[in-house]
Structure formats: C-alpha cells, structure tokens
Amino acid sequence: MTHVTELGYVGLGVKDLAAWERFAAEIVGLEVVAGETPASRFLRLDTWHHRIILEEDGTDDLSFLGLRVAGVLEFRAMHDKLRDAGIAVRMGHFEEAAARHVLEVMSLEDPSGIPLEIFHGPHVQPDKPFYPGRRMHGRFKTGDGGLGHLMMRQTAGLEATHAFYSLLGMRGSIEYRIPVPNLPRPFDLMFMHCNSRDHTIAFGAPGKKRINHLMFEFDCFDDVGLSHEIVQRNKVPVGIAPGRHANDEMYSFYFMNPSNWMIELGWGARPATHQSEYYQRDTYGHEAQSGVVNANMEPVTKAAE
Ligand SMILES: [Fe+2]
C-alpha cells in the first residue's frame, strides 16, 4: 500500500528571525544556513539540505509539513489515491519542488486545514556533514524515523483526523486517555506513526496555534542533560520538566521557543509497537510548569505528550 514514510521537513513562520536564528543554533544546536531570501533561513540537523525552513512572516506558527514517500511510483500512486478519495490535491510546479530541494512535491490540506506537502527525492548532502550550532556529545537521531515528531491542532475531530492520516498510510490510536475530575469524558491524545519512530504526528493538546511542539531526538543521553543546562542558563522558560513518556518511553523535556510554542528534546525512545494501547499518565516526571505553559499557550495536563 502506498504510504508516507517519514516527516521530512517543516516550514515555520516566525516574527523575529534573528531571535530564532540564535535560539536554533545556541540553544537547540541546529545548523543555520542562509535561506533563499533575506527573510528566510534553512535549519539542518543531519545531511539533508535542510529539515526546517524559517520564514519571517509574522505568524509565529507552523506553515506546512512535508511528508515523504519512497519514490516516483509511490508519489504518483499517492496522488491518484488522494484524488480518488475526493481530496483536493495539487501537483507542484518544478519551481515549487526546487524551492523545497526535492524532486517532486504536491500540496493539500488535512481536515483541520493544516497545509501538507507530500514529496519524494530530498536533496541529501553527504559532502556537507552536519555542523552543530553549539557543542554536542552526539548527534540528532533521524535515519528512517524522519526529523522527529510534532503535535498539531485538530478541529475536525479525532475520528476524521485518524481517517485522513490512515489514508496517507499512517497507523495509530488514542494513546493517552486521561481522567479529568468533574468532567464526564476523559481527555484524549492521539498518536500516529509511519516508520520505526513511535509517533510522527500527534493530536489533542489544547492551544490556539497549529503546532503545540516539535520534537528532536538525540542519540546520546548526555545531550538531554547538556541541553537542559543550556536552557536553564539562558533563562529559556521550561514548559514541561524532564520525565519519561509512557508511550514512546522517551526521556525528554520541553521549553518555549521565540514563537511561544514548545521544542521537545529527548533520548531513548522505543520503536513503534504497531498495536494500540493507552495510558493515563507518564512513567514519571514531565510536570507542566503552569506559570510558563499557561501564560503562553493553554493549560497542558501533566501527562500531555
Ligand atoms: Fe512529543
């Protein structure tokens, strides 16, 4: 079956490009590369030409995400499958693919109006090894797991969202069903995967922005500790304290970026299990730092991914 294989890239709209450039390099450790206009930058975290496009457009939100398919045959088959399902999908021009540094790209929206791109053939630069923006013990873990994962807003409902991303070939389910005192229904968070990474996209966290958080995984535990120290030294607000998730078993913490949504940095995730199960809370830790999260976004429950 034709299916997407990884989260290849994301586009982020920002208000303060200079602040983001410093944050990406000095806090997170990403490599900053000149963009195609003075108001844009590419961010690298492996040998791909880029994994993130920053554009100074004032939105401080997710602009689009790029999901990969294996090759040209899968790209054509995915286009036909989406069209036959009645989804509005548009094949990109050569110039649009060139701007993304991929061979071919098509664009569409998910049921909640999040702009998606499906592509094949990213520009990979083995001649240009990743050069971190600050010291690191190891490297970012990408490989067949893609650049990481993100939690997005959904307004179409979890059922419709699940049906749409299932059509793209993802699998997943509600993985946190959290009892809320005095409310008749528990609070649900849904996670979907398309490769060895436990989840590539997730839904359910409250918030006004399209994106709640973007996660990068380290291949070395000490990079989580070093990053936490750098975040604290630079007085970057921590949104969710260090802890271990019940679903992907990742040890991680979350902090605010200059656009007032969160970056999660973690280590030690297990591979996707391919069978559904749910949790009511995390293994340990991950306390929401209410003064930070409430001030900038919306309340996030303790076990929120
Ligand atoms: Fe996460």
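That block above? That's the structure.
Residues numbered from 1 in each chain as written. Predicted model: local features only at pLDDT ≥ 70, side-chain atom pairs only at ≥ 80, totals over all residues. Heavy atoms only, no water.

1. Focus on the pattern of salt bridges
Side chains that carry opposite charge are capable of pairing whenever their charged atoms lie near each other.
Piece 1. A full pass over the atoms with the stated rule returns 19 salt bridges.
Piece 2. Taking the shortest distance from any N to any O, the salt bridge between R270 and E249 comes out at 3.4 Å. You can see R270 sitting in the loop between strand 16 (262-267) and strand 17 (284-285) and its partner E249 sitting in the loop between strand 14 (238-244) and strand 15 (251-256), a full 21 residues away along the chain.
Piece 3. Counted as one network, the salt bridges with shared partners bring together E6, D46, R51 and R68. (Salt bridge = Lys/Arg side-chain N within 4 Å of Asp/Glu carboxyl O. Helix = DSSP H or I, 4+ residues; strand = E, 2+ residues; numbered from the N terminus.)

2. Focus on the packing of aromatic side chains
Piece 1. Taken as a whole, this structure holds 16 aromatic pairs when the rule is applied.
Piece 2. Between W20 and F23 the ring centres are 5.4 Å apart and the planes differ by 75°, which places this aromatic pair in the edge-to-face class. Pair noted here: W20 and F23 are both in helix 1 (residues 17-28), with a separation of three residues, about one helical turn. The same class applies to W20 and to F23, which are both buried.
Piece 3. Relative to Y165, the ring of F164 lies with its centre 4.9 Å away and its plane at 85°, an arrangement referred to as edge-to-face.
Piece 4. Given a relative accessible area of 7%, F164 falls into the buried group.
Piece 5. Aromatic ring contacts, followed pair by pair, group W20, F23, F253, F255 and W261 into a single cluster.
Piece 6. Looking at R51, its charged tip hangs above the ring of W48, at a distance of 3.6 Å from the centre. (Phe/Tyr/Trp six-rings, centres within 6.5 Å; stacked < 30°, edge-to-face > 60°. Buried < 20%, exposed > 50% of the residue type's maximum accessible area, 1.4 Å probe, protein only. Lys NZ or Arg CZ within 6 Å of the ring centre and 35° of its normal.)

Interpretation in functional terms is not warranted from these geometric data alone.
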